[in-house]
Amino acid sequence: IIVDTAHLAHYAQKVANFLGVPYDVMTVGIEVWGSLPRWIMEPLMCADSVFTLGCFTRDQLVAKGVPLKCIRVLPCHVDVESFFFDRNDTYRIIREHKLEGKKVILTICRLAGQDGYKGYDRVIQSLSQVLKEVPNAVYMIVGEGSDKPRIQRLVRKLELTDHVIFAGRVPDDAALRAYYSACDLFVMPSQTVISKEICKGEGFGIVYIEANACGKPVIAGNAGGEPGAVIDSVSGLLVDPMNVKEITGAIMRLLKDE
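This report concerns the structure included in the present document. Chains are numbered independently. Their residues run from 1 in the order of the written sequence. In keeping with the predicted nature of the model, local features appear solely for residues at pLDDT of at least 70, side-chain atom pairs appear and are counted solely at 80 or more, and the whole-chain, interface and lining totals rest on all residues. No hydrogens and no water enter the side-chain calculation; it runs on all heavy atoms of the structure.

Here we look at the overall build of the protein
Then, in step 1: Numbered from the N terminus, helices here are DSSP runs of H or I no shorter than four residues, and strands are runs of E no shorter than two. When its secondary structure is counted, the protein shows nine helices and twelve strands.
Then, in step 2: Radius of gyration here is computed from C-alpha atoms only, and the compact-globule reference equals 2.2 Å multiplied by the residue count raised to the power 0.38. Relative to its length of 258 residues, the protein is compact, with a C-alpha radius of gyration of 20 Å against a globular reference of 18 Å.
Then, in step 3: We call a residue buried when its accessible area falls under 20% of the maximum for its residue type, exposed when it is over 50%, and partly exposed in between, using a 1.4 Å probe and counting protein chains only. A burial count over the protein gives 52% of its 258 residues as buried.
Then, in step 4: In this analysis, two residues are considered to be in contact whenever any of their non-hydrogen atoms come within 4.5 Å of each other. For the protein, the proportion of contacts with a sequence separation of at least 24, taken over those separated by at least 6, is 65%.
Then, in step 5: As displayed, the protein offers around 12600 Å² of accessible surface, 54% of which is attributable to carbon and sulfur atoms.
Then, in step 6: Side-chain charges in the protein split into 29 positive and 31 negative, and the spacing between the mean points of these groups amounts to 4 Å. Every accessible area reported is derived by Shrake-Rupley at a probe size of 1.4 Å, with residue values counting cover from the shown protein chains alone. Only four residue types enter the tally: Lys and Arg on the positive side, Asp and Glu on the negative side; His and the chain ends are excluded. Where a charge lies is defined by one atom per residue type: Lys uses NZ, Arg uses CZ, Asp uses CG and Glu uses CD.

Looking at the packing of helix α5 (residues 120–133) against helix α6 (residues 148–157)
Then, in step 1: Two elements in contact, α5 and α6, have axes whose closest approach is 10 Å; the angle formed by their N-to-C orientations is 10°. It follows that α5 is roughly parallel to α6 by the angle criterion. Here α5 contributes Tyr-120, Asp-121, Ile-124 and Gln-125 to the contact with α6, which in turn contributes Arg-150, Ile-151, Leu-154 and Val-155.
Then, in step 2: For this classification, the nonpolar set comprises Ala, Val, Leu, Ile, Met, Phe, Trp, Tyr, Cys and Pro, the charged set comprises Asp, Glu, Lys and Arg, and every other residue, Gly included, is treated as polar. Of the residues assigned to the contact of α5 with α6, the class counts are five nonpolar, one polar and two charged. In this analysis, axes come from line fits to C-alpha atoms, helices being fitted only over the stretch in contact, and the angle between any two N-to-C directions falls in the range 0 to 180 degrees. Working definition: roughly parallel below 35 degrees, roughly antiparallel above 145 degrees, roughly perpendicular at 65 to 115 degrees, and oblique for all remaining angles.

Some details on the sheet that holds strand β4 (residues 71–73)
Then, in step 1: Here, strands pair whenever DSSP counts at least two bridges between them. One open sheet holds the four strands; their spatial order is β1-β2-β3-β4, and the pairing between them is parallel. Among the strands making up the open sheet, the edge pair consists of β1 (2–3) and β4.

Comments concerning a nonpolar patch on the surface
Then, in step 1: On the surface, a cluster of nonpolar side chains totalling about 480 Å² of accessible area is made up of Ile-1, Val-15, Phe-18, Leu-19 and Val-21.
Then, in step 2: With respect to the element layout, Val-21 can be found in the loop between α1 (9–19) and β2 (24–26). Patch definition: residues above 30% relative accessible area lacking any salt bridge, with like charges linked at up to 9 Å and the nonpolar side chains Val, Leu, Ile, Met, Phe, Trp and Tyr linked at up to 5 Å. For salt bridges, the criterion is a side-chain nitrogen of Lys or Arg within 4 Å of an Asp or Glu carboxyl oxygen.

Things to note about the nonpolar core
Then, in step 1: Judged by nonpolar contacts, the single largest core of 63 residues is most densely connected at Leu-106, Tyr-139, Met-140, Tyr-180, Phe-186, Tyr-208 and Ile-251.
Then, in step 2: Contacts of Tyr-208, omitting those with residues within four sequence positions, involve Phe-186, Met-188, Ser-190, Glu-202, Val-218, Ile-219, Ala-220, Glu-226, Ala-229 and Val-230.
Then, in step 3: Residues belong to a common nonpolar core when they are buried Ala, Val, Leu, Ile, Met, Phe, Trp, Tyr or Cys residues joined through side-chain atoms within 4.5 Å. Counting 19 residues, the second largest nonpolar core, distinct from the first, contains Ala-16, Leu-36, Leu-44 and Val-66.

Structural notes on helix α3 (residues 55–64)
Then, in step 1: For α3, the full list of buried residues reads Thr-57, Gln-60 and Leu-61. Summarising the axial view, the buried residues of α3 lie within an arc of 95°, below the 170-degree limit, and thus occupy one face.
Then, in step 2: Contact partners of the buried residues in α3: α2 (38–46), β3 (49–52), β4 and β9 (193–194). Directions pointing from the helix axis toward each C-beta atom define the arc.

Notes on helix α9 (residues 244–256)
Along an α-helix, a turn takes 3.6 residues, which lines up residues three or four apart on a common side.
Then, in step 1: For α9, with 13 residues, the first-to-last C-alpha span of 18 Å sits near the 18 Å given by 1.5 Å per residue.
Then, in step 2: Listed in full, the buried residues belonging to α9 are Ile-247, Thr-248, Ala-250, Ile-251, Met-252 and Leu-255.
Then, in step 3: The secondary structure elements touched by the buried residues of α9 are β5 (103–108), α5, β6 (137–142), β8 (185–188), β11 (218–221) and β12 (236–239).
Then, in step 4: Side-chain atoms alone can form a polar contact between residues adjacent in sequence; in general such a contact is a pair of N or O atoms within 3.5 Å, and within protein one must be able to donate a hydrogen while the other accepts it. The N-cap residue of α9 is Asn-243: its side-chain oxygen and the backbone nitrogen of Lys-245 are 3.0 Å apart. Take the number of residues in a helix, subtract one, and multiply by 1.5 Å to get its expected span.

Remarks on the environment of Ser-146
Then, in step 1: Looking at the secondary structure, you find Ser-146 in the loop between β6 and α6.
Then, in step 2: Once the C-alpha coordinates of Ser-146 and Gln-114 are considered, the two residues, 32 residues apart in sequence, prove to be 9.0 Å apart.
Then, in step 3: Once you skip the residues sitting within four places of it in the chain, Ser-146 turns out to touch Leu-111, Ala-112 and Gly-113.

Spelled out as structure tokens, the structure:
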């Protein structure tokens, strides 16, 4: 029996015990980072296998008492038949958003209020300094959500309206590939927070390897699951996600280094 979330593990345990078969539990990240009630912990500790997306979540589970020998790290993957650099897609997006001659910084994520940890506001805060050295830079955000009005107010306050593009929601992988292909740099410096009250952060961050599959370097946060998706100074740069100066330096370094 396989369940795709720790919150269903107790059902799997009951049915598996009744049938006399093993059961496996899939975990993503934040749902197992914080303190867990006994009804979740017990079936996790008794599972035949507990799958995680990366070593960070694995270590969180081990610290809670899940046997290391039962944990299997199964990182996310990208179907390279779907995500790759496509010249036609690139030109279409460049024409649609008037990106000719621009250095394009891209973030793809939900703009929901609870997802503010993804760092798009700090990328916007870095943009004024970036423009001093890369005056043709633009920041494109793909996604929708309740946090969008706050971000639009921040853009107006910093007088960056001509340098920030809100592209909205895209319908499918082909459209996502077009945006990855049209950018010069993918940036999503997510913050990682673990407390009794709330957990937030990337369990892995598949957007980073989607961007890499399209031949683009990335900037990610240096904690949580992100270091499992980004090899620092090889496929991208890891930064302190709360340090706007560090984010700024990483953006300028990559935009100026072909």
